[in-house]
Structures are given as C-alpha cells and as structure tokens.
Amino acid sequence: MAIAAAVVLPLGLLFLLSGLVVNFIQAVLFILVRPFSRSMYRRINRVVAEFLWLELVWLFDWWANIKVELYTDSETLQLMGKEHALLICNHKSDIDWLVGWVLAQRAGCLGSALAIMKKSSKFLPVLGWSMWFSDYVFLERSWAKDEETLKSGFEHLKDFPRPFWLALFVEGTRFTQEKLLAAQEYAASAGLPVPRNVLVPRTKGFVLAVNHMRSFVPAIYDATVAIPMNEPRPTLLRILRGRSSVIHVHIKRHLMEELPETNSSIAQWCKDMFVAKDALLEQHLVNDTFGDKDCQDIGRPKKSLFVVIAWSCLLLYGSVKFFEWFLILPSWEVFTLCATFLAIVMILMQVLIVFSQSEHSTPPPVVSPEDPLKANLLQ
C-alpha cells in the first residue's frame, strides 16, 4: 500500500496540477473564442488537450512500457489520421480508450480523437472536463434522451476542421464473463449467433451514426483488441505501478459508401461485423496472433516524454515559488493545507482507477424474447 501511494501520489500531483492548468485554458478559450469561431476554438483546443492527454500516453508508453502491436494493411496505416473515421471496437479491457489514444497519437490525431461515452464520465475531474471541452458525446443510456443527443453531436462534427476519430463501443458496456453469460443467454433465446468473445451489439446508435455521418465520414475502422495468452491484462492501476504488457489490435477499414441504405440492413451489417469479430478473436485464442494482417511498426515517439519533462520542470518551479510564499503562514496551517491537498489528490486518483474498472461498469440487461420492448432496446 505504501509503495502504491509513493507511486500514485507524485503521478497524481503532476496530472492534477497540469490538468487544472489545461482545463483553465480550455475554459477561457470556450468563453472567449468559441462564440466567435468554433473552428478556431477546435484547432487551438486540439493542441491544448494534447498537452494533458500525452501524459497518459507517456504512462502507457514509457512508465509501464506497454507495447501495442498493430495488425492492419499498409494502405489503412497510411490513411489513419488523414481522414474522418468512425471507430468501432470491442470493449475488451479497462483501458481500451487509452489504447485508442495511443494509436491516435501515432496517427497524429490525438487532439481530435473523440468518443461516445456515458454521461458520468464528463464529471471526472480534469480528464472528464477536458473531454467535455473537446466535443465528446455523453449519453444517459436512455434512448428517448440519447437519440437527440447523438443527432446533435453528429451534426456538430460536420464542420470539424481536422481529421477526427469518433469511437463508438456498440456493445454498450465492457466485457466481463458475467456479461458474456447474459449475452449468450439472450442470443440463444432470440435466435442470434451465440457469441464467445464479444457481447451482442446494440445497433441503434450505430445505425444513427451511419445515417448522419455517411456524407462526411469516408471510413469505418473495425478495431479488435486482444491480449496475448501469456501477457497480463493491463489495467490503469497496473499502469500506474509500471507493469508492462502487450496488446494486439487488428484494424480493418470499411468504406462508408459501401454500407447498405436501410436501417435494418445497417443494423444487420453491424451484427455481422461482430460475428466476424468473434471468429477473429477465437482464431486469436488459438494462434495468439492476428495472422491475416501484417504487424505494423508504430514505434514509441518521444513527444509524450518531452511533454511530461516540461510539465514536471514547470510545476516544480511553480511549487518552489509557491512554498516560498507559503512559509509566511503559521506552521499548523501549512501542514493542514498540504495534508488536505495531498488527500484530495489520492482520492481523485482512486476515483479515476475505480471508474476505469470493468466491475463497476453497467451490466447489460437480461431479457427474454417474449418482452419485445426490452428486446428492441438491444437492437
């Protein structure tokens, strides 16, 4: 416990203080720039947000030394980061979003990597606030409310000034064995292919996304995440402790214009994609690799390392100056304020760790085919 605190506390201090600086700059830009030019605001915010998100990329790349092996064709690799894309991924681990950020950073579009997330995410101090300022779309998991939220979010992306990725986890929740059993029970009762490595996709959001984004998003990136057999499953806590691992990511690019036109056909296309994804993961379990694509070298850029060094030097200098002023206060006040601040840092880091864990995500409902209303919500 002491070792964990000794690691989490300094990393938490760095992330919290630098994040508050970034959030403050984002708030100023939101008030002073966005009302006059949304395009200019997005261009500047993209750079500002990266100064925070690169710290998490540094944790992934340099602190924990986690390696991402990307399996895709050379054409897709060349197009990544140069076009708008809808990213559809299985929700396999606690840090799928961070894997996406790492890939976006390699592609040069980290600051415009967006996602559709549950509403509670935007209340996360620092990280959630930065996402809200960056045009992430937040849902309440109630279709009556979320349909209009999604339509508005897609509409706002039409004039996005830089290539963006919009991640949509159509399984609706993170993968666990308990949720897999529920998905298998539902699939068997509804006459659907019974999954073994994925959950049954909830296609309403995907259909809406395709219908609204078809005109300005040229591609869908079908991403599949898997952990090699002999590698530990990475979590945010393991990353903070510096534990290494390997993650395999398979990406297949689909042209948006090739998708069918009707809602039912689009929904079926999504279901078929997850049947293929399930088979691909089953093959990965046997071969411990994605053999149908070449493994691409995505390297480990030093940009995130330089950003963390710069933040550390800046905050260290600011802390020294602050404590020089702080020493004029009575010693008991100094101790109380410092202890309170450090406790807040530890609490916030614990909240972030707990928030990322699969056990705390919302399980999918188990419904019977006799209940058509509930069954329809899963379609």
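Notes on the structure in this doc start here.

Calculation criteria
Residues numbered from 1 in each chain as written. Predicted model: local features only at pLDDT ≥ 70, side-chain atom pairs only at ≥ 80, totals over all residues. Heavy atoms only, no water. Core = buried A, V, L, I, M, F, W, Y, C linked by side-chain atoms within 4.5 Å. Buried < 20%, exposed > 50% of the residue type's maximum accessible area, 1.4 Å probe, protein only. Helix = DSSP H or I, 4+ residues; strand = E, 2+ residues; numbered from the N terminus. Contact = heavy atoms within 4.5 Å. Expected span 1.5 Å × (residues − 1). Arc of directions from axis to C-beta. Axes fitted to C-alpha atoms, helices over the stretch in contact; angles between N-to-C directions. Parallel < 35°, antiparallel > 145°, perpendicular 65-115°, else oblique. Nonpolar A, V, L, I, M, F, W, Y, C, P; charged D, E, K, R; others polar. Phe/Tyr/Trp six-rings, centres within 6.5 Å; stacked < 30°, edge-to-face > 60°. Pairing = 2+ DSSP bridges. Salt bridge = Lys/Arg side-chain N within 4 Å of Asp/Glu carboxyl O. Left-handed = near helix turned anticlockwise from the far one by under 90°.

## Structural notes on the nonpolar core
Then, in step 1: Counting residues in hydrophobic clusters, the biggest one holds 100 residues, and the most contacted among them are F60, W101 and F206.
Then, in step 2: If you tally residues by element for this core, the top one is helix α2 (residues 38–63), at eleven residues.
Then, in step 3: Apart from the residues within four sequence positions on either side, W101 is in contact with W53, L56, V57, L110, A113, L127, M131 and Y136.

## Let's talk about helix α6 (residues 143–156)
Then, in step 1: Given a rise of 1.5 Å per residue, 14 residues ought to cover 20 Å, and the 19 Å separating the end C-alpha atoms of α6 matches this to within 8%.
Then, in step 2: Taken together, the buried positions of α6 are occupied by D146, L150, G153 and F154. Seen along its axis, α6 keeps its buried residues to an arc of 95 degrees; they face one direction.
Then, in step 3: Those residues of α6 that are buried are in contact with β3 (113–118), β4 (137–139), β5 (165–168) and α8 (204–213).

## Examining the packing of α2 against helix α4 (residues 96–107)
Then, in step 1: Packing of α2 against α4 brings their axes to within 10 Å, and their N-to-C directions diverge by 100 degrees. By the angle between their directions, the pair α2 and α4 is classed as roughly perpendicular. Residue-level inspection shows W53, L54, L56, V57, F60 and D61 of α2 in contact with α4, the latter providing W97, L98, V99, W101, V102, Q105 and R106.
Then, in step 2: For the contact of α2 with α4, the class distribution of residues is ten nonpolar, one polar and two charged.

## Section: the side chain of T76
Then, in step 1: Relative to the helices and strands, T76 is located in helix α3 (residues 74–79).
Then, in step 2: You can call T76 buried: its relative accessible area is 2%.
Then, in step 3: Discounting residues that sit within four places of it in the chain, T76 has contacts with I251 and R253.

## Observations concerning the environment of W58
Then, in step 1: Take W58: it is sitting in helix α2.
Then, in step 2: Considering only alpha carbons, one finds W58 and S304, 246 residues apart in sequence, at a separation of 5.1 Å.

## Regarding the packing of aromatic side chains
Then, in step 1: In this structure the tally under the stated criterion is twelve aromatic pairs.
Then, in step 2: Between the aromatic rings of W53 and W101, the centroid separation amounts to 4.6 Å while the plane-to-plane angle is 20 degrees, which identifies the pairing as stacked. Highlighted residues: W53 in helix α2 and W101 in helix α4, separated in sequence by 48 residues. Each member of the pair, W53 together with W101, is buried.
Then, in step 3: Here W165 and Y221 contribute two aromatic rings whose centre-to-centre distance is 5.9 Å and whose plane-to-plane angle is 85 degrees, an arrangement assigned as edge-to-face. Here W165, found in strand β5, pairs with Y221, found in strand β6 (residues 219–226); they are 56 residues apart in sequence, far enough to count as distant.

## Some remarks on the sheet that holds β3
Then, in step 1: One open sheet holds the eight strands; their spatial order is β4-β3-β5-β2-β6-β7-β1-β8, and the pairing between them is mixed. Two strands bound the open sheet, and with one partner strand each, they are β4 and β8 (295–296).
Then, in step 2: One ladder, built from five bridges, connects strand β2 (residues 85–89) with β6; its direction is parallel. Opposite L87, over in β6, you have Y221 as the bridge partner.

## Thoughts on the pattern of salt bridges
Then, in step 1: Within the structure shown, the criterion is met by 17 salt bridges.
Then, in step 2: Notably, a salt bridge pairs R106 with D61, separated by 2.9 Å at the nearest N-O pair. One end of the pair, R106, is in helix α4; the other, D61, is in helix α2, with 45 residues separating them in the sequence.
Then, in step 3: Measuring nitrogen to oxygen at the nearest pair gives 3.4 Å for the salt bridge that ties K145 to E140.
Then, in step 4: A single network of salt bridges, built from pairs that share partners, joins R34, R38, R42, D135 and D159.

## Remarks on the pairing of β5
Put simply, side chains in a regular strand alternate between the two faces of the sheet.
Then, in step 1: Side-chain alternation along β5 places W165 and A167 on one buried face and L166 and L168 on a second face that is also buried.
Then, in step 2: With four bridges joining them, β2 and β5 adopt parallel strand pairing. Paired with L87 across the two strands is A167, which belongs to β5.
Then, in step 3: In this structure, β3 lies alongside β5, joined through three bridges in parallel fashion. For A113, the partnering residue across the bridge sits in β5 and is W165.

## Points about the packing of α8 against helix α10 (residues 263–287)
Then, in step 1: The geometry of α8 relative to α10 is characterised by a closest axis approach of 9 Å and an angle of 115 degrees between their N-to-C directions. α8 and α10 meet at a crossing whose hand is right-handed. Judged by residue contacts, F206, V207, V210 and N211 of α8 engage N263, I266, A267, W269 and C270 from α10.
Then, in step 2: Among the residues making up the contact of α8 with α10, the classes are represented as seven nonpolar, two polar and no charged.

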